[in-house]
Amino acid sequence: MRKTIGYTVESIGYVTGAQGLVSFASQTLFGTEWGWLHKVVDLPSAACLGITVAGLALVAVGVKTRKAPHRQAVA
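Residues numbered from 1 in each chain as written. Predicted model: local features only at pLDDT ≥ 70, side-chain atom pairs only at ≥ 80, totals over all residues. Heavy atoms only, no water.

## Overview of the overall build of the protein
Applicable threshold: A run of H or I in DSSP becomes a helix once it reaches four residues, and a run of E becomes a strand once it reaches two; helices and strands are each numbered from the N terminus. Radius of gyration here is computed from C-alpha atoms only, and the compact-globule reference equals 2.2 Å multiplied by the residue count raised to the power 0.38. A 1.4 Å probe rolled over the protein chains alone gives each residue an accessible area, and that area as a share of the maximum for its type sets the label: buried under 20%, exposed over 50%, partly exposed in between. Residues count as neighbours in contact if any of their non-hydrogen atoms are within 4.5 Å of one another. Each accessible area value is a Shrake-Rupley result obtained with a 1.4 Å probe; residue values ignore everything except the protein chains displayed when judging cover.
Across its full length, the protein carries three helices and zero strands. If you list the helices and strands of the protein from N to C, you get α-α-α. Rg of the C-alpha trace for the protein: 16 Å, well past the compact-globule value of 11 Å for 75 residues, more than 25% over. Put simply, the protein has 75 residues, and 21% of those count as buried. A separation of at least 24 residues holds for 61% of the contacts in the protein among residues at least 6 apart in sequence. Split by element, the accessible area of the protein, about 5,400 Å² in all, is 70% carbon and sulfur.

As C-alpha cells, then:
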C-alpha cells in the first residue's frame, strides 16, 4: 500500500511541477499561455514558479514514502 501511495503522490507531483514550469516559462519567455494551468486559474509568473516547487516537493515526498522501510506491527 505504501508503494501505491508513493507512486500516486509522485505522479501528481510530476504533473503539477511540469504544468507550473511550462506556465512560468511561457509567461516569462514568450508572453503567452501554455499548458493546462491557465485554463483553471490566472496566476502571475512567480506563483507558477511556486507551483513548480510544490510539485517537486510532492515528488520528493512520494519517493521517500515509497522507499521508507516497512514497520511490523507489534502484536
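## Quick notes on a nonpolar patch on the surface
Heads up, the condition is: Without a salt bridge and with relative accessible area above 30%, a residue can belong to a patch; like charges are then joined within 9 Å and nonpolar side chains (Val, Leu, Ile, Met, Phe, Trp, Tyr) within 5 Å. A pair is scored as a salt bridge if a Lys or Arg side-chain nitrogen falls within 4 Å of a carboxyl oxygen belonging to Asp or Glu.
Residues Val-22, Leu-29, Phe-30 and Trp-34 make up a contiguous nonpolar surface patch of about 420 Å² in total accessible area. As for its position among the elements, Leu-29 is in helix α1 (residues 2-30). Since its relative accessible area comes to 63%, Leu-29 is described here as exposed.

## Description of the confidence of the model for the protein
For clarity, the cut-off: Every residue carries a pLDDT, the predictor's confidence in it, which falls somewhere between 0 and 100.
Chain-level pLDDT for the protein is 88 on average; 91% of the residues reach the 70-or-more range. Across the protein, the secondary-structure element scoring lowest on mean pLDDT is helix α2 (residues 37-40), at 86, and the one scoring highest is helix α3 (residues 45-67), at 92.

## Details of empty space enclosed by the protein
Selection rule: Grid spacing is 1 Å over the protein atoms alone, the probe is 1.4 Å, and a cavity is where that probe fits but cannot get out, while a pocket is an open set with protein on both sides within 12 Å along at least five of seven lines and lining residues have an atom within 4 Å of a point. Grid points are joined across faces, edges and corners, and a volume is the space filled by probe spheres set on the points.
Tallying each qualifying case throughout the model produces one cavity of 30 Å³ or more. Its boundaries defined by the atoms lining it, the largest cavity holds a volume of some 40 Å³. Looking at the largest cavity, the residues that line it are Ser-23, Gln-27, Glu-33, Leu-37, His-38, Val-41, Asp-42, Leu-43 and Cys-48. Of all the secondary-structure elements, those providing two or more residues to the lining of the largest cavity are α1 and α2.

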